[in-house]
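Results of the structural survey
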Amino acid sequence: MKTLDKIGTYQFTAEPFHCDFSKKLFMGHLGNHLLNAADFHASDRGFGMTYLNPEHKTWVLSRLAIEMYDMPAEYTKFNVSTWIEGAMKYFTHRNFRVTSAADGGKVYGYGRSIWAMIDTDSRQPADILAIKNGEITRYIDTETACLIATPSRVKMGNAAKIATTIDTHYSDVDVNGHINSVKYIEHVLDLFDLPWHKSHRISRLDIAYVAESYCGDKLNFYREDTAEDTVCVKITKSTPDEKEVEVCRCQVTFSPK
């Protein structure tokens, strides 16, 4: 198999209906574009979903950090570049750079992510390095800079208070059959009202996924304000026996507009 470049670059458009009231791209839609770029990059190089699914394997997102200086405005064409910084038996580190397709490649921001591979039958971790004799290692790039901190574990204390509980439905579910990774982000950002979003922009978002949840689960959102413009959210799912199981944590840092 021909070895492609270690970095893959994919162009997207900030479509008007993917933008918020400020005519800038929603963070959730940016997240989807990052995940699409990751899938394109992996598939082009032989270890994407099209190869893995028939082998009863799939990629699942473990952690994601997005740090943005600005967001693409409506109709703007922008590029998402992605590369693998490291690969181990059960986890791989993938980075992103978001730039304008014009204007000399203005940098909008960066992303970092950690992915695991699981067996779709057992839902247990699978050996990444066993896929095509470690094909992924041919594409490790430790030289390209990603100018943001690694994803946070999102540490929280005991001060978090319940903010809301929501039901999950058909449109929350992704191709892996569980609640979509980006849907959690959208639900977290809905905890902040419109006046807050009008006076603040999202400068950094960290999310750490702990367990899967499924259509029909009730999700509980616990909020803790850890700094003036930083909020942490713990999301749990309610089980039939009324126990709560943590599914993910998210930390959002805002900057005044």
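Read on for a plain summary of the structure. Because the structure is predicted, anything quoted here is derived from the model rather than measured.

So, how was this worked out
- Residues numbered from 1 in each chain as written.
- Predicted model: local features only at pLDDT ≥ 70, side-chain atom pairs only at ≥ 80, totals over all residues.
- Heavy atoms only, no water.
- Helix = DSSP H or I, 4+ residues; strand = E, 2+ residues; numbered from the N terminus.
- Rg over C-alpha atoms; globule rule 2.2 N^0.38 Å.
- Buried < 20%, exposed > 50% of the residue type's maximum accessible area, 1.4 Å probe, protein only.
- Contact = heavy atoms within 4.5 Å.
- Lys, Arg positive; Asp, Glu negative; His and termini not counted.
- Charge placed at Lys NZ, Arg CZ, Asp CG, Glu CD.
- Pairing = 2+ DSSP bridges.
- Axes fitted to C-alpha atoms, helices over the stretch in contact; angles between N-to-C directions.
- Expected span 1.5 Å × (residues − 1).
- Disulfide = S-S within 2.5 Å.
- Salt bridge = Lys/Arg side-chain N within 4 Å of Asp/Glu carboxyl O.
- Phe/Tyr/Trp six-rings, centres within 6.5 Å; stacked < 30°, edge-to-face > 60°.

The subject of this paragraph is the overall build of the protein. Within the protein one finds four helices and ten strands. If you list the helices and strands of the protein from N to C, you get β-α-α-β-β-β-β-β-α-α-β-β-β-β. In terms of overall dimensions, the protein is globule-like: its C-alpha atoms have a radius of gyration of 18 Å, near the 18 Å expected for 257 residues. Projected onto its principal axes, the C-alpha positions of the protein cover 50 × 50 × 30 Å. Relative to its full complement of 257 residues, the protein shows a buried share of 49%. A fraction of 71% describes how many contacts in the protein between residues 6 or more apart in sequence connect residues 24 or more apart. A distance of 3 Å separates the average location of the 30 positive side-chain charges in the protein from that of its 34 negative side-chain charges.

Moving on, we come to the sheet that holds strand β5 (residues 107-119). A sheet is described by the order of its strands in space; here ten strands give the open sequence β1-β3-β4-β5-β2-β7-β10-β9-β8-β6, paired in antiparallel fashion. Each end of this open sheet is capped by a strand with a single partner; those strands are β1 (8-13) and β6 (161-167). Here the strands of the sheet are splayed against their neighbours by 25° on average, with no regard to which way each runs. The sheet contact formed by strand β8 (residues 218-227) and strand β9 (residues 230-238) spans nine bridges and is antiparallel.

Here we come to helix α1 (residues 27-44). Over its 18 residues, α1 runs 26 Å from end to end, which matches the ideal 26 Å to within 8%, given 1.5 Å per residue. Looking at α1, one finds that the buried residues are Met27, Gly28, His29, Leu30, Gly31, His33, Leu34, Leu35, Ala37, Ala38, His41 and Ala42.

Evaluated as defined, the whole model comprises zero disulfides. Between Cys215, a free cysteine, and Cys248, which holds the nearest cysteine sulfur, the sulfur-to-sulfur gap is 17 Å. The exposure class of Cys215 is partly exposed, given its relative accessible area of 46%. Counting only cysteine sulfurs, Cys248 is the nearest neighbor of Cys250, a cysteine outside any disulfide, at a range of 7.0 Å.

We now examine the pattern of salt bridges. Once the charged atoms of two side chains with opposite charge are near each other, the side chains can pair. This structure, assessed with the given rule, holds eleven salt bridges. When the shortest N-O distance is used, the salt bridge between Arg123 and Glu212 registers 2.5 Å. One end of the pair, Arg123, is in the loop between β5 and β6; the other, Glu212, is in the loop between β7 (200-209) and β8, and 89 residues separate them in sequence. Among the residues examined, Glu212 registers a relative accessible area of 22% and is labelled partly exposed. Overlapping salt bridges bring together Lys24, Asp70 and Lys106 as one network.

Tallied over the entire structure, the rule returns nine aromatic pairs. Here Tyr184 and Tyr209 contribute two aromatic rings whose centre-to-centre distance is 5.9 Å and whose plane-to-plane angle is 55°, an arrangement assigned as tilted. Placement of the pair is Tyr184 in helix α3 (residues 181-189) and Tyr209 in strand β7, with a sequence separation of 25 residues. For Tyr184, a relative accessible area of 3% gives the class buried.

With that settled, consider the pairing of β1. Side-chain alternation along β1 places Gly8, Tyr10 and Phe12 on a buried face and Thr9, Gln11 and Thr13 on a face that remains uncovered. As defined by bridge partners, β1 adjoins strand β3 (residues 77-87) across six bridges and the pair is classed as antiparallel. Paired with Gly8 across the two strands is Thr82, which belongs to β3.

What follows deals with the pairing of β3. Within a regular strand, side chains alternate between the sheet's two faces. Counting buried positions along β3 yields nine of eleven residues, so the element is predominantly enclosed. Of the strand pairs in this sheet, β3 and strand β4 (residues 91-100) are connected by nine bridges, and their pairing is antiparallel. Its bridge partner lying in β4, Ala87 is registered against Thr92. The loop that links β3 with its antiparallel partner β4 comprises three residues.

Don't take any of this as a statement about function, it's just geometry.
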